Amino acid sequence: MKQLAMIGAVLVLTTWSFAQADKAATQTQPAAQAAAPAGKRPPQAKTQAEFEAYKTANALTDAAAQEKAADDFAAKFPDSELRVVLWKAVMRNYQRTGNSDKTVETARKGLALDGDDPELLVTVAGELAEKTRDTDLDKDQRLDEAMKMAQKALQTVDTDVAIPANTPQEQIDAYKGQLRSFAYSIIGTLEFKKDNFAGAEADLRKSIDAYPSQPDPVVVLRLAISLDRQSKYPEALKEANHAVELTQDGTGAGKLARQERDRLTQLVPGAAKPDQPK
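1. Details of the environment of Asp 79
Link 1 in the chain: Among the structural elements, Asp 79 can be located in the loop between α3 (63–76) and α4 (83–97).
Link 2 in the chain: Relative accessible area serves as the criterion here: at 62%, Asp 79 is assigned to the exposed category.
Link 3 in the chain: Residues Asp 79 and Lys 46, 33 residues apart in the sequence, show an inter-C-alpha distance of 9.4 Å.

2. Topic: the pattern of salt bridges
Link 1 in the chain: Counted according to the given criterion, the structure contains 28 salt bridges.
Link 2 in the chain: Glu 201 is the partner of Arg 205 in a salt bridge, and the nearest nitrogen-oxygen pair spans 3.3 Å. Here Glu 201 and Arg 205 lie together in helix α9 (residues 197–210), a separation of 4 residues that amounts to about one turn.
Link 3 in the chain: Three or more residues joined by partner-sharing salt bridges are found here, namely Glu 67, Asp 71, Lys 102, Glu 105 and Lys 109.

3. Considering the packing of α9 against helix α10 (residues 217–229)
Link 1 in the chain: At their nearest, the axes of α9 and α10 sit 9 Å apart, and the two run at 150° to each other. Looking at the two axes, α9 sits roughly antiparallel to α10. The interaxial crossing formed by α9 with α10 has left-handed handedness. Seen from α9, the contacting residues are Phe 197, Ala 200, Glu 201, Leu 204, Arg 205, Ser 207 and Ile 208; seen from α10, they are Val 219, Val 220, Arg 222, Leu 223, Ser 226, Leu 227 and Arg 229.
Link 2 in the chain: Grouping the amino acids of the contact of α9 with α10 by side-chain chemistry returns 8 nonpolar, 2 polar and 4 charged.

4. Re α3
Link 1 in the chain: In this model α3 runs 20 Å from its N-terminal to its C-terminal C-alpha over 14 residues, within 8% of the 20 Å that 1.5 Å per residue would give.
Link 2 in the chain: Turning to α3, its buried residues are Ala 63, Gln 66, Glu 67, Ala 69, Ala 70 and Phe 73. Along the long axis of α3, the arc covered by the buried residues comes to 165°, so they all point the same way. Among the exposed residues of α3, those oriented more than 90 degrees off its buried face are Lys 68, Ala 75 and Lys 76.
Link 3 in the chain: Turning to α3, the residues buried within the fold contact α2 (48–58), α4 and α5 (100–113).
Link 4 in the chain: Measuring from the backbone nitrogen of Ala 64 back to the side-chain oxygen at the start of α3 gives 3.3 Å, which picks out Asp 62 as the cap.

5. Considering the nonpolar core
Link 1 in the chain: Membership of the largest hydrophobic core comes to 44 residues, with the highest contact counts inside it found for Tyr 54, Leu 82, Val 122, Val 124, Ile 186 and Leu 190.
Link 2 in the chain: Going through the elements one at a time, α2, α3, α4, α5, α6 (118–131), α7 (139–156) and α8 (169–193) are the ones with two or more residues in this core.
Link 3 in the chain: Among the elements that make up this core, the one with the highest residue count is α8 (8 residues).
Link 4 in the chain: In contact with Leu 190, not counting residues within four places along its chain, are Ala 129, Leu 143, Ala 146 and Met 147.
Link 5 in the chain: If you look at the next biggest cluster of nonpolar residues, it comprises 21 residues, including Phe 192, Ala 224, Ala 243 and Val 268.

6. What to know about the environment of Gln 155
Link 1 in the chain: Within the fold, Gln 155 resides in helix α7.
Link 2 in the chain: Taking the C-alpha atoms as reference points, Gln 155 and Pro 118, separated by 37 residues in sequence, lie 8.5 Å from one another.

7. Observations regarding the packing of aromatic side chains
Link 1 in the chain: Summed over all chains, the structure comprises 3 aromatic pairs.
Link 2 in the chain: Ring centres of Phe 51 and Tyr 54 lie 6.0 Å apart, and the angle between their planes is 25°; this geometry places the pair in the stacked category. Highlighted residues: Phe 51 and Tyr 54, both in helix α2, separated by 3 residues, approximately one helical turn. By the burial criterion, Phe 51 is buried, and Tyr 54 matches it.

8. Brief notes about the confidence of the model for the chain
Link 1 in the chain: Overall, the prediction assigns the chain a mean pLDDT of 88, with 85% of residues at 70 or greater.
Link 2 in the chain: Confidence drops under pLDDT 50 across residues 15–19; counting only partners more than four residues distant or on other chains, this segment forms 12 contacts.
Link 3 in the chain: Confidence drops under pLDDT 50 across residues 21–36; counting only partners more than four residues distant or on other chains, this segment forms 25 contacts.

What counts and how
Residues numbered from 1 in each chain as written. Predicted model: local features only at pLDDT ≥ 70, side-chain atom pairs only at ≥ 80, totals over all residues. Heavy atoms only, no water. Helix = DSSP H or I, 4+ residues; strand = E, 2+ residues; numbered from the N terminus. Buried < 20%, exposed > 50% of the residue type's maximum accessible area, 1.4 Å probe, protein only. Salt bridge = Lys/Arg side-chain N within 4 Å of Asp/Glu carboxyl O. Axes fitted to C-alpha atoms, helices over the stretch in contact; angles between N-to-C directions. Parallel < 35°, antiparallel > 145°, perpendicular 65-115°, else oblique. Left-handed = near helix turned anticlockwise from the far one by under 90°. Contact = heavy atoms within 4.5 Å. Nonpolar A, V, L, I, M, F, W, Y, C, P; charged D, E, K, R; others polar. Expected span 1.5 Å × (residues − 1). Arc of directions from axis to C-beta. Polar contact = N/O pair within 3.5 Å; in protein donor to acceptor, adjacent residues only side chain to side chain. Core = buried A, V, L, I, M, F, W, Y, C linked by side-chain atoms within 4.5 Å. Phe/Tyr/Trp six-rings, centres within 6.5 Å; stacked < 30°, edge-to-face > 60°. pLDDT = per-residue confidence, 0-100.

Okay, here's the thing in structure tokens:
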């Protein structure tokens, strides 16, 4: 999944929330704010000291250092609404470094405070879906949890995102679209792993449709393979060609996409060969 794209959208929203927390802490201009959109109220600091401590922890870029700072912040401000925001920041830091175990661990700390947060839910679900191996003794338990979390995220995306007032509607739509896209891609991936290719096709299409401006190449490739496994070769070739367009030759996904395209080209009568004009 293209996590960085979603994180960029998240940061736009949450940075505005932090400004709101600052206003709440200093009690300035309370009447100037328009009503926030439907959903959760953005988190707010109760005191200026709390907010300053939060900003210090949030500014850290080293994941391990930020995790310690988040623990220290939670110990000093055990009732702070900003604890979950900090854990999401730590989670994203670990996610950027590719540390799956710590990504899940810190996301779960956030979920312990807010079990309905759709970003936290899809993050844990995505890591479980992608990183669970057939040899894991708890494979079924992990994949079942991933499915339930992804399904729950689809239910909470419209009710449990803290959207600040005055946030442009296009930003809200983009963020929620990405969340839905990730949730459906996880569900489709889990169906794919169960060899339920018809179910995988349906959910992978929903993933692409939820955020069509930035389709995930892996999702498109899995859709192509799901169609291939159902002997829907012309449709599969169309998606395989799309996956090729979205990937670079030499990358893992790019290599698999080109292999799938080449295979399907042999199965579809009249299909243009890769080295021929279409």
